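Here is how the chains run, residue by residue.
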Amino acid sequence: MFWEMFAAFLAAAGLILLIWCTAGALLRAPGTAELEAVYRCRDSAPELEQTVRRFVWLHESGLWDAPLKIVDCGLAPDARRRAGKLAARYGYIRIEAEEGLSYGASTGADPRQRGWDHLSE
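About the thresholds
- Residues numbered from 1 in each chain as written.
- Predicted model: local features only at pLDDT ≥ 70, side-chain atom pairs only at ≥ 80, totals over all residues.
- Heavy atoms only, no water.
- Pairing = 2+ DSSP bridges.
- Helix = DSSP H or I, 4+ residues; strand = E, 2+ residues; numbered from the N terminus.
- Axes fitted to C-alpha atoms, helices over the stretch in contact; angles between N-to-C directions.
- Contact = heavy atoms within 4.5 Å.
- Salt bridge = Lys/Arg side-chain N within 4 Å of Asp/Glu carboxyl O.
- Buried < 20%, exposed > 50% of the residue type's maximum accessible area, 1.4 Å probe, protein only.
- Lys, Arg positive; Asp, Glu negative; His and termini not counted.
- Polar contact = N/O pair within 3.5 Å; in protein donor to acceptor, adjacent residues only side chain to side chain.

S.K.: Teacher, can you tell me more about the sheet that holds strand β3 (residues 93-97) here?
M.R.: As a general point, the strands of a sheet are linked pairwise by backbone hydrogen bonds and lie either parallel or antiparallel. What the 3 strands build is an open sheet, ordered β1-β2-β3; its pairing is parallel. Each end of this open sheet is capped by a strand with a single partner; those strands are β1 (37-43) and β3. The sheet shows a mean angle of 30 degrees between the axes of neighbouring strands, direction not considered. Sheet analysis places strand β2 (residues 68-75) next to β3, joined by 5 bridges and oriented parallel.

Following this line, the structure appears as structure tokens:
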């Protein structure tokens, strides 16, 4: 009886691991070495830690290997310190000023793209 329960437990654990690996392979973007996540924030950015925590989970679970760029679009000094601590803690996170961006701030033809007026507050 014990061995049957143990075998059922191992089979269930194996199935969960198989589903986890399959989901990770399907969610992973191909060629992530050339991609980077960009997070624009301004003012006090109260959601900064939660957003970075979500990204760190993706990165440490192996679902996303690209770096995270926190773009300072007018962060308050306290928020800038918090972002600096996060960047110092995780080597794949860096902070960049808004002026240093190499791409435009205008909204493209895709309606899912947002301009600068829709930043987090």
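Following the structure, the description resumes.
S.K.: Would you mind showing me how to read the environment of serine 44 here?
M.R.: If you trace the backbone, serine 44 turns up in the loop between β1 and α2 (48-60). When sequence neighbours within four positions are dropped, the list of residues in contact with serine 44 reads Ala76, Ala79 and Arg82.

S.K.: Quick question: what am I supposed to make of the pattern of salt bridges here?
M.R.: It is possible for side chains bearing opposite charge to pair when their charged atoms get close. Under the counting rule described, the total for this entry stands at 5 salt bridges. The partner of arginine 81 in a salt bridge is aspartate 78, with the nearest N and O atoms 3.7 Å apart. Taken together, the residues arginine 81 and aspartate 78, both in helix α3 (residues 77-89) and 3 residues apart, mark about one turn of the helix. In this structure aspartate 78 comes out as partly exposed when scored by relative accessible area, which is 43%. Between arginine 82 and aspartate 78 there is a salt bridge, and its shortest N-O distance comes to 3.9 Å. Remark: aspartate 78 and arginine 82 occur in helix α3; sequence separation between them is 4 residues, near one turn of the helix. The structure contains a network of salt bridges with shared partners spanning Glu49, Asp78, Arg81 and Arg82.

S.K.: What is the right way to look at the side chain of glutamate 47 in this model?
M.R.: With respect to the element layout, glutamate 47 can be found in the loop between β1 and α2. It is arginine 82 that comes nearest to the buried, bridge-free glutamate 47 among opposite-charge side chains, at 7.7 Å. A polar contact of 2.5 Å, which involves the side chain of glutamate 47, links it to the side chain of tyrosine 39.

Limitation: the analysis is restricted to geometry and does not speak to function.
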